[in-house]
Each structure stands twice: as C-alpha cells, then as structure tokens.
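Fold and geometry: a report
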Amino acid sequence: MSIPIVFEFFGVLSIIKAFFYQVSIPAIISSFPLSFIIVFIISRINKKFLEYHPIKTYLIRFLGIILILIGIMKIK
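Residues numbered from 1 in each chain as written. Predicted model: local features only at pLDDT ≥ 70, side-chain atom pairs only at ≥ 80, totals over all residues. Heavy atoms only, no water.

A few words now on the overall build of the protein. Helix and strand counts for the protein come out as three helices and zero strands. Element order for the protein, N to C, with α for helix and β for strand: α-α-α. Burial statistics for the protein: of 76 residues in total, 14% are counted as buried. Summed over all atoms, the accessible surface of the protein reaches about 6300 Å², with 76% contributed by carbon and sulfur. (Helix = DSSP H or I, 4+ residues; strand = E, 2+ residues; numbered from the N terminus. Buried < 20%, exposed > 50% of the residue type's maximum accessible area, 1.4 Å probe, protein only. Areas by Shrake-Rupley, 256 points an atom, 1.4 Å probe, with all protein chains shown as cover.)

In structure tokens form, the structure reads like this:
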C-alpha cells in the first residue's frame, strides 16, 4: 500500500499546484481514470482485499467514467 500512497501524495501536490494556477478540470480528469485503474489492478491481484466483481462490472464503471469526463469537457 505504500506505493499508491506515495503516488497519491504527489498527485495531491500536483492538484494543489493546479488549483493555484486555476486549472481544476485537468486535476479532476486525471484523478478519475487513475484511481479506477489502481482499484482494478488491486482487485485482480488480491481478490480478498477488495470486493470481487466480474470484468463486466468494471467495464460499466469505466464507461461511466468516460461519460463523466465527456460531460466535464462539454461543460468547460
């Protein structure tokens, strides 16, 4: 768990810097897919650590993230 925590720490630092420059949309757009990918990998490696879901569930979640990102880009 230490590696994801280190990535999250540097991600939060990057997000704070992005907010300083008033660039919040890239921070939101980059955080959704990255967290999804990390959760997917962890769920495949250790099925007892997270809830186990079939690939179809993750496909639906990924499509939902894509729709959210498209909506964010259309709003901006």
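Now for helix 3 (residues 55–75). Here helix 3 is 21 residues long and its end C-alpha atoms lie 30 Å apart, about the 30 Å a rise of 1.5 Å per residue gives. Among the residues making up helix 3, those that are buried are Tyr58, Ile65, Leu69 and Ile72. An end-on view of helix 3 places all buried positions within 60° of arc, on one side of the element. For helix 3, the exposed residues lying more than 90 degrees away from the buried face are Lys56, Ile60, Leu67, Lys74 and Ile75. (Expected span 1.5 Å × (residues − 1). Arc of directions from axis to C-beta.)

With 82% of its residues at a pLDDT of at least 70, the protein reaches an overall mean of 77. At the level of individual helices and strands, the protein shows its lowest average pLDDT in helix 2 (residues 24–45), which scores 74, and its highest in helix 3, which scores 83. (pLDDT = per-residue confidence, 0-100.)

On the surface, Val6, Phe9, Phe10, Val12, Leu13 and Ile16 cluster together to form a nonpolar patch covering roughly 560 Å² of accessible area. Taking the relative accessible area as the measure of exposure, Leu13 reaches 41% and is therefore partly exposed. (Patch = residues over 30% accessible without salt bridge, like charges linked within 9 Å, V, L, I, M, F, W, Y side chains within 5 Å. Salt bridge = Lys/Arg side-chain N within 4 Å of Asp/Glu carboxyl O.)

All right, on to the side chain of Ser43 then. Looking at the element boundaries, Ser43 is found in helix 2. Among the residues examined, Ser43 registers a relative accessible area of 1% and is labelled buried. A polar contact of 3.0 Å, which involves the side chain of Ser43, links it to the side chain of Tyr58. Contacts of Ser43, omitting those with residues within four sequence positions, involve Leu50, Glu51 and Tyr58. (Polar contact = N/O pair within 3.5 Å; in protein donor to acceptor, adjacent residues only side chain to side chain. Contact = heavy atoms within 4.5 Å.)

Across all of its chains, the model carries four aromatic pairs by this definition. An aromatic cluster is present here, built from Phe36, Phe40, Tyr58 and Phe62 joined pairwise through their rings. Between the NZ or CZ atom of Arg61 and the centre of the ring of Tyr58, over which it lies, the distance is 5.5 Å. (Phe/Tyr/Trp six-rings, centres within 6.5 Å; stacked < 30°, edge-to-face > 60°. Lys NZ or Arg CZ within 6 Å of the ring centre and 35° of its normal.)

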